[in-house]
Amino acid sequence: MQSVVIDLDSRLKNPGDTIPLAGHLDETGYTLGDHEFNLPGGIDYDLVLTNAGEGILATGMLNAHVIGTCDRCLEKAEFDVAGEVDEYFLFEEPAEGELGDDEDEMDFSLVSSDGTIDLADPLNTALLMETPFVVLCKPDCKGLCPVCGANLNETDCGHAAQIEADRLASSPFAVLKGLKLDD
């Protein structure tokens, strides 16, 4: 993702100062694991930067329309992502013993020495966190026929009976079919 460098000017000089920040990134796509996704409209974000005393808190939302490939039928899958951005940029790195037990796991970044922050990582994190692990073209996608490869959303290839018979035959309970119980 391209850098989104923000200069922390005098508007964020004092604790409690806030500035709204909205923008658009002309990103064309991203990857997550083996999946490749296209972003035809790029990424829009609407954030608020707040001077929290020890650092800058960046909170807000990211929105994008995403196009990928359905995991079941391999056709085009489209969905919208609305991710929450929440990142803390400290002015100074805390000393070794300065963090409490509950703060050891806190996730933070640092304000750079030139007084800027880069929002690319928090925006990218918000996008990835809201991308579904299993991508479907529709919630009830039937997938591909394992016998002939036909898209079962478009046609009934007639292999349903064969698939069911194979499934039942490979079941660990198939041996119980011949069991005779006398009353």
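Residues numbered from 1 in each chain as written. Predicted model: local features only at pLDDT ≥ 70, side-chain atom pairs only at ≥ 80, totals over all residues. Heavy atoms only, no water.

**Q** Hey, could you go over the pattern of salt bridges for me, with residue numbers and the actual values?
**A** Within this structure, the stated rule accounts for 1 salt bridge. Two residues, lysine 76 and glutamate 78, come together in a salt bridge whose shortest N-O distance is 3.3 Å. With relative accessibility at 39%, the residue glutamate 78 sits in the partly exposed group. (Salt bridge = Lys/Arg side-chain N within 4 Å of Asp/Glu carboxyl O. Buried < 20%, exposed > 50% of the residue type's maximum accessible area, 1.4 Å probe, protein only.)

**Q** How would you summarise the environment of glycine 42 if you had to cite specific residues and measurements?
**A** Here glycine 42 shows up in the loop between β4 (35–38) and β5 (43–51). Judged by relative accessible area, which is 5%, glycine 42 ranks as buried. Leave out the neighbours within four places in its chain, and glycine 42 touches His24, Leu25, Glu27, Asn63 and Ala64. (Helix = DSSP H or I, 4+ residues; strand = E, 2+ residues; numbered from the N terminus. Contact = heavy atoms within 4.5 Å.)

**Q** So what's going on with the pairing of β4? Which residues, and what values?
**A** Sheet analysis places strand β3 (residues 29–32) next to β4, joined by 4 bridges and oriented antiparallel. The partner of leucine 32 across the bridge, within β4, is histidine 35. Here β3 folds back onto β4 in antiparallel fashion, the turn holding 2 residues, of which glycine 33 has a positive phi close to 65 degrees. (Pairing = 2+ DSSP bridges.)

**Q** Let's hear about unusual backbone geometry: which residues, and what values?
**A** Of note in this structure, leucine 74 is not a glycine but carries a positive phi near 70 degrees. Locating leucine 74 in the fold gives a position in the loop between β6 (55–69) and β7 (76–90). Accessibility expressed as a relative area gives 56% for leucine 74, which makes it exposed.

**Q** Give me the lowdown on the confidence of the model for the protein chain, citing residues and values where you can.
**A** Scored by pLDDT, the protein chain has a mean of 85; 92% of the residues are at 70 or more. Looking over the protein chain, one finds the lowest element-wise mean pLDDT in helix α2 (residues 160–169), namely 72, and the highest in β4, namely 94. (pLDDT = per-residue confidence, 0-100.)

**Q** Which residues make up the packing of aromatic side chains, and what are the values?
**A** Taken as a whole, this structure holds 2 aromatic pairs when the rule is applied. Taken together, the aromatic side chains of Tyr30, Phe37 and Phe79 make up a single cluster linked through ring pairs. (Phe/Tyr/Trp six-rings, centres within 6.5 Å; stacked < 30°, edge-to-face > 60°.)

**Q** Residue-level account of helix α1 (residues 120–129), with values.
**A** Each turn of an α-helix holds 3.6 residues, which means side chains three or four residues apart point in the same direction. Of all the residues in α1, the buried ones are Ala120, Pro122, Leu123, Ala126 and Leu127. Against the buried residues of α1 lie β2 (18–25), β3, β5, β6, β7 and β9 (116–118).

**Q** Please set out the nonpolar core residue by residue, giving values where relevant.
**A** By size, the foremost hydrophobic cluster in this structure holds 34 residues, and its most contacted members are Leu49, Val66, Ile117, Leu119, Leu123 and Leu127. Looking at this core, the elements with two or more residues in it are β2, β5, β6, β7 and α1. Setting aside its immediate chain neighbours within four residues, leucine 119 contacts Val4, Ile6, Leu21, Leu47, Ala58 and Phe89. (Core = buried A, V, L, I, M, F, W, Y, C linked by side-chain atoms within 4.5 Å.)

**Q** So, a nonpolar patch on the surface: which residues are in play, and what are the values?
**A** On the surface, Phe173, Val175, Leu176, Leu179 and Leu181 cluster together to form a nonpolar patch covering roughly 600 Å² of accessible area. Position of phenylalanine 173 relative to the elements: it lies in the segment after α2. (Patch = residues over 30% accessible without salt bridge, like charges linked within 9 Å, V, L, I, M, F, W, Y side chains within 5 Å. Areas by Shrake-Rupley, 256 points an atom, 1.4 Å probe, with all protein chains shown as cover.)

**Q** A description of the side chain of asparagine 51 should follow, citing residues and the corresponding values.
**A** Along the chain, asparagine 51 turns up in strand β5. Looking at asparagine 51, the relative accessible area reads 3%, which means it is buried. A distance of 3.3 Å separates the side chain of asparagine 51 from the backbone oxygen of lysine 13, its partner in a polar contact. Once you skip the residues sitting within four places of it in the chain, asparagine 51 turns out to touch Leu12, Lys13, Asn14, Pro15, Gly16, Asp17, Ile56 and Phe91. (Polar contact = N/O pair within 3.5 Å; in protein donor to acceptor, adjacent residues only side chain to side chain.)

**Q** Summarise the side chain of glutamate 87; cite the residues concerned and give the values.
**A** Tracing the backbone shows glutamate 87 in strand β7. There is a polar contact of 2.7 Å between the side chain of glutamate 87 and the side chain of serine 109.

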